[in-house]
Amino acid sequence: AQSVAQPEDQVNVAEGNPLTVKCTYSVSGNPYLFWYVQYPNRGLQFLLKYITGDNLVKGSYGFEAEFNKSQTSFHLKKPSALVSDSALYFCAVREISGSARQLTFGSGTQLTVLP
Amino acid sequence: DVKVTQSSRYLVKRTGEKVFLECVQDMDHENMFWYRQDPGLGLRLIYFSYDVKMKEKGDIPEGYSVSREKKERFSLILESASTNQTSMYLCASRDTGKQRQPQHFGDGTRLSIL
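Cut-off values and rules
- All residue numbers here refer to positions counted from 1 along the written sequence of the relevant chain.
- A letter from A marks each chain and a number from 1 marks each ligand, given out in the order of writing.
- Totals for whole chains, interfaces and linings use every residue, but because this is a predicted model, local features are given only for residues with pLDDT of at least 70 and side-chain atom pairs only at 80 or more, for both listing and counting.
- Side-chain measures were taken over the full set of non-hydrogen atoms in the model, leaving aside hydrogen atoms and water.
- Helix numbering and strand numbering both begin at the N terminus, where a helix is a DSSP run of H or I of at least 4 residues and a strand a DSSP run of E of at least 2.
- Whether two residues are in contact is decided by their heavy atoms, any of which lying within 4.5 Å being enough.
- To be clear on the numbers: accessible area is Shrake-Rupley with a 1.4 Å probe, and residue cover counts the displayed protein chains and nothing else.
- Residues scored as positive are Lys and Arg, those scored as negative are Asp and Glu, and His as well as the terminal groups of each chain are ignored.
- To locate a charge, take NZ of a lysine, CZ of an arginine, CG of an aspartate or CD of a glutamate.
- Defined in terms of a 1.4 Å probe, buried area is the accessible area two parts forfeit on being brought together, summed over both.
- A carboxyl oxygen of Asp or Glu within 4 Å of a side-chain nitrogen of Lys or Arg is what we treat as a salt bridge.
- Under the grouping applied here, Gly and all other residues not named as nonpolar or charged are polar, the nonpolar ones being Ala, Val, Leu, Ile, Met, Phe, Trp, Tyr, Cys and Pro and the charged ones Asp, Glu, Lys and Arg.
- Exposed residues in this analysis have more than 50% of their type's maximum accessible area, buried residues have under 20%, and partly exposed residues fall in between, with area computed by a 1.4 Å probe over protein chains only.
- In protein, a polar contact means a hydrogen-donor-capable atom and an acceptor-capable atom, both N or O and within 3.5 Å, with residues adjacent in sequence counting only if both atoms are side-chain atoms; elsewhere, any N or O pair within 3.5 Å suffices.
- Between rings of Phe, Tyr and Trp, where Trp is taken as its six-membered ring, a pair exists when centres lie within 6.5 Å; planes separated by under 30 degrees are stacked, by over 60 edge-to-face, and by other angles tilted.
- At least two DSSP bridges between two strands are needed for those strands to be called paired.

A. Structural context of the overall build of chain A. A tally of helices and strands in chain A yields zero helices and 12 strands. Here the C-alpha coordinates of chain A stretch approximately 45 × 30 × 20 Å along the principal axes. Looking at chain A alone, contacts between residues at least 24 apart form 58% of all its contacts between residues at least 6 apart. Of the roughly 5,300 Å² that chain A leaves accessible, carbon and sulfur atoms contribute 48%. For chain A, the distance from the average position of its 9 positive side-chain charges to the average position of its 8 negative side-chain charges is 8 Å.

B. Expanded view of the interface of chain B and chain A. Opposite the 23 residues of chain B that make contact, chain A presents 20 residues. Carbon and sulfur atoms make up 49% of the surface buried where chain B meets chain A, a total of about 1,900 Å² over both sides. There are one salt bridge connecting chain B and chain A. For the side of chain B that touches chain A, the secondary-structure elements that each account for two or more residues are β4 (31–38), β5 (42–49) and β9 (87–94) of chain B. Counting residues per element, the side of chain B that touches chain A draws most heavily on β5(B), at four residues. Of the residues that constitute the side of chain B that touches chain A, the class distribution is 11 nonpolar, seven polar and five charged.

C. Just the side chain of Gln2(A), in detail. All names here are of chain A. Considering the arrangement of structural elements, one finds Gln 2 in the segment before β1 (3–5). Here Gln 2 falls in the buried class, since its relative accessible area comes to 11%. At 3.4 Å, the side chain of Gln 2 forms a polar contact with the backbone oxygen of Val 93. In this structure the side chain of Gln 2 is engaged in a polar contact, spanning 2.9 Å, whose partner is the backbone nitrogen of Glu 95.

D. Structural context of the pattern of salt bridges. Scanning all chains against the criterion turns up 11 salt bridges over all chains. Close ionic contact of Lys78(A) with Asp85(A) constitutes a salt bridge, the shortest N to O distance being 2.8 Å. Of the two residues, Lys78(A) and Asp85(A), neither departs from the other in class, the shared state being buried. Across the pair Lys53(B) and Glu69(B) runs a salt bridge, and its minimum N-O distance is 2.5 Å.

E. Quick look at the packing of aromatic side chains. Enumeration according to the criterion identifies 16 aromatic pairs over all chains in this entry. Ring geometry for Tyr36(A) versus Phe105(B): centroids 5.6 Å apart, planes at 80°, classification edge-to-face. One end of the pair, Tyr36(A), is in strand β5 (residues 31–38); the other, Phe105(B), is in strand β10 (residues 104–105), on a second chain.

F. Structural context of the pairing of β4(B). Residues and elements named next belong to chain B. Of all the eight residues making up β4, eight are buried; the element is thus mostly covered by neighbouring parts of the structure. Side chains of β4 alternate between two faces, with Asn 31, Phe 33, Tyr 35 and Gln 37 and Met 32, Trp 34, Arg 36 and Asp 38 buried alike. Pairing between β4 and β9: seven bridges, direction antiparallel. Residue pairing for β9: Trp 34 is matched across the bridge by Cys 91. Here β4 runs beside β5; their pairing, made up of seven bridges, is antiparallel. Counterpart to Tyr 35 in the pairing with β5 is Leu 45. Remark: three residues form the turn of the hairpin made by β4 and β5, two consecutive strands paired antiparallel; Gly 40 in that turn has positive phi of roughly 80°.

In structure tokens:
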């Protein structure tokens, strides 16, 4: 079975500081990994994905994520946070060639960037 | 850009009613999905469809059914609404055969069952 954990319900960071939103996953084989963002009263928007290749993945709005196979993690990062980054962030996983045919989402992390 | 449109942003219904949630996508995607989103639980898959008239149960199908008569439209049906089905419902679509492509989401329907 595949699963994903976002250990922090809430992350607060000051504007201009670096931010990290944590995600760990569990699959039997190799994963596809995704990050999505949700602004209030909106659907989810795709930020970035890891399929294969470089462990550091760059995405939209200056976000990046680092795939760490040994730690089974895919943390979302941004060097300098903006107030407009405040939103709900979801990590999702799907095992490549696994029996589960669809994505499994984490419970979400509410990011608040303080001015 | 892919556009996924959900027919209602907010909906209020009564216990026992039959409720229809509609979703339309404009990119000829064969894969479509219905999720519900609850605080602290993330997104949970209710049903999905790989093609017209095809459907598969997700993780929480009980109390729901779906209809996919046309490729662009995927409907979620609450057969007899109950208060525990009060939630945010999200529809999504994705390119067929491109498992590496992300899902594209609508803006959601916030459903309240009284």
